[in-house]
Amino acid sequence: MKSIVILGGGTAGWIAANLMAMHWKDKDLDITLVESPNIGIIGVGEGSTPPLKHFLDVIGVEESDWMSRCDATYKVGITFRGWSTRPGFEEYFHPFLNQHDEALLPAFFHNSHLRRQGVDLDGHPSQFFSAWELAKQRLAPIAPPNFPFEMKYGYHFNSGLLGVFLREWAEKRGVKYRAATVTGVVLKNDGYIDYLQTDTEDTIKADFYVDSTGFRSRLLQEALGVPFENCEDVLFNDSAVVFPTDPDENPEPQTVSTALNHGWGWKIPLTSRFGNGYVYSSKYVDDDEAEREFREHLGLLDSDVDARHLNFKVGRVKEHWHKNCLAVGLSQGFIEPLEATALDMVQETVVRFIEAANKGNLTDEFRGEFNDRISRRFDAVRDYIVCHYRISTRTDTEYWRDCGSNDKISRSLHELLTAWMKGDNITDELERQNLDAYFPNVSWNCLLAGKGIYPSDEQVRPGSELAHKYKLEDIAKFRKGCALNFNSHQEQLAVLRD
Ligand SMILES: Cc1cc2nc3c(=O)[nH]c(=O)nc-3n(C[C@H](O)[C@H](O)[C@H](O)COP(=O)(O)OP(=O)(O)OC[C@H]3O[C@@H](n4cnc5c(N)ncnc54)[C@H](O)[C@@H]3O)c2cc1C
């Protein structure tokens, strides 16, 4: 492998370009990104998880380099609203776990575990995390130097602007750029890609190709015919409608996900606007009605702001790396954006690919191992997302009734839910299935506890003094004390602009 062509200049293509240029800076490799001037990027995907910060750290980008250029804000977690009808569980917060919050985890796990076994303890997750306090008080997760704990956070950003920034960064590290639309793919006799035909006179040739052409998957699925395995039998959503709304001066450092009649809506705060989207199933509602419902939800019924409609398919390809082609981003698959995991998957795919290629001395010796690893990750994310729907107690529409009674869930998820309902130790079950490698124990506990999957108030017994060993007033005091160390989100964003 001496030359690589990355086809597609969305976030996935530019993340791949930066990581490859960084990790292979000492190898004699020619990396070119080719992008169609006529086909736009998807233009959504504006919420992230902490690994995005890690990626930016790895490629040497400081927050002051990119955040204000990309209208970015901080993200300390996600509030899920309206997913459960159980009293007291109408909403919950899923944090990115800060180091000092680990001190509170034993209390959360203790209360959650005993509550499942029928003891009258409060197991609602939000209160056990100082990140929740930051979200409520609209504080930025940037600790002063005398606060000795590591903070974990992600970002919200304008995806178009982030692409422009990452392009400049990659070009500075030697990645070449070409504007051309690929119109044909010529294969060799052994089925490997030989060269690409374009809408200009030129052809484009490389030893290795990265397909980051979005849902088109122009190389891996279209030219090489790698099958797509959809999971529409467990994830019903296939459409989205998207609107901007005016920004808040001091934005919440969190994404809000609200369950609606036939799916859910996201609200992502940027400095220049809110990004809002309604992800729904076209089998249960048509585009016009979904748009009307979402406008009503956002208080926009009388507004003439333009809506954008998108369609997508959920699932993944059978092989992410096939012959001399690696698919990255939407071209390799998509599990709906409920946990904003897509860019994390892009990073993981590229980093593991680089690792596998290096291990095989830039050959495809470890391709099979790599493909299994990435597919397992996709399937683990799928099950976590499916769980949101399967355990929702909403029954107000046919959509929610079908989600809640879906018996096609995977065996792995079935076993996990059984362990939870039986009051078993969930940590053991996650370890047994090696699921904590993808979503950690705390995430599963937040999801199941946050939706109130507990015996009801009438079914619980008081419990001993030992059972009540953690005092919620002390935990609230700890949370609020920690929050005193942080600046308002607005102030912290202003520091980055100056
Ligand atoms: C509704 C929705 C919400 C989402 N929300 C989130 C979220 O909150 N968080 C998150 O992490 N992810 C989210 N995602 C996923 C996220 O949008 C994508 O993972 C991310 O934007 C990367 O997209 P991409 O680069 O793979 O594809 P695209 O952005 O579609 O880019 C494709 C590129 O390929 C080029 N191209 C295509 N065909 C050709 C051709 N023939 N010749 C040359 N160039 C070509 C195009 O010009 C373009 O540059 C969401 C996705 C959807 C659908």
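Residues numbered from 1 in each chain as written. Predicted model: local features only at pLDDT ≥ 70, side-chain atom pairs only at ≥ 80, totals over all residues. Heavy atoms only, no water.

**Some words on the site of the ligand**
Defined as follows: By convention in this text, a residue qualifies as near a molecule or strand provided that one of its non-hydrogen atoms is within 4 Å of it. We define a polar contact as two N or O atoms separated by no more than 3.5 Å, with the added condition that, inside protein, one atom must be a possible hydrogen donor and the other a possible acceptor, whereas residues neighbouring each other in sequence contribute only through side-chain atom pairs. For the area figures, the Shrake-Rupley method with a 1.4 Å probe applies, and any residue is considered shielded solely by the protein chains shown. What counts as a helix is a DSSP run of H or I of at least four residues, what counts as a strand is a run of E of at least two, and both are numbered from the N terminus. Put simply, Ala, Val, Leu, Ile, Met, Phe, Trp, Tyr, Cys and Pro go in the nonpolar bin, Asp, Glu, Lys and Arg in the charged bin, and everything else, Gly too, in the polar bin.
The local shell around the ligand holds 32 residues, among which G9, I39, G47, V182 and L330 are the closest. A distance of 3.5 Å separates an oxygen atom of the ligand from a polar atom in the backbone of A342. Here an oxygen atom of the ligand and a backbone polar atom of L343 are 3.1 Å apart. Contact with the protein chains covers 97% of the free accessible surface of the ligand, which is 1,000 Å². Those elements that provide at least two residues to the shell around the ligand are α1 (11-23) and α9 (342-359). Residues belonging to the shell around the ligand are distributed by class as follows: 16 nonpolar, 13 polar and three charged.

**Some words on the nonpolar core**
The criterion, for reference: Only buried Ala, Val, Leu, Ile, Met, Phe, Trp, Tyr and Cys residues count toward a nonpolar core, and they belong to the same one when joined by side-chain atoms within 4.5 Å. Think of it in three bands: with a 1.4 Å probe and only protein chains considered, a residue is buried below 20% of the maximum accessible area for its type, exposed above 50%, and partly exposed in between.
Grouped together as the largest cluster of nonpolar side chains are 124 residues, with contacts concentrated most on M20, W66, F353, Y389 and W444. In this structure, L7, L196, Y209 and L220 belong to the second largest nonpolar core, which totals 18 residues.

**Here's the deal with the packing of α1 against helix α2 (residues 50-58)**
This is how the line gets drawn: Helix axes are fitted only over the stretch in contact, all axes being lines through C-alpha atoms; the angle between N-to-C directions runs from 0 to 180 degrees. Under this scheme an angle from 65 to 115 degrees is roughly perpendicular, one under 35 degrees roughly parallel, and one over 145 degrees roughly antiparallel; angles in between are oblique. Crossings are assigned a handedness: left-handed for a near helix turned anticlockwise from the far helix by less than a right angle, right-handed for a clockwise turn. Here, residues are in contact when the closest pair of their heavy atoms is within 4.5 Å.
Their axes nearest at 10 Å, the elements α1 and α2 cross at an angle of 45°. Between α1 and α2, the angle falls in the class oblique. In the crossing of α1 with α2, the sense of the turn from one axis to the other is left-handed. Note on element contacts: α2 touches α1 through L52, F55 and V58, opposite I15, N18, L19, M22 and H23. Of the residues in the contact of α1 with α2, the class split is six nonpolar, two polar and no charged.

**Brief notes about the sheet that holds strand β10 (residues 203-205)**
Defined as follows: Paired strands, in this sense, are two strands between which DSSP finds at least two bridges.
Strand order in the open sheet formed by three strands is β8-β9-β10, with antiparallel pairing between adjacent strands. On the outer flanks of this sheet lie β8 (182-187) and β10, each paired with one strand and no other. Within this sheet the neighbouring strands show an average axis-to-axis angle of 25°, counted without direction. Of the strand pairs in this sheet, β8 and strand β9 (residues 193-198) are connected by five bridges, and their pairing is antiparallel. Looking at β9, one finds that G184 is bridged to Q197.

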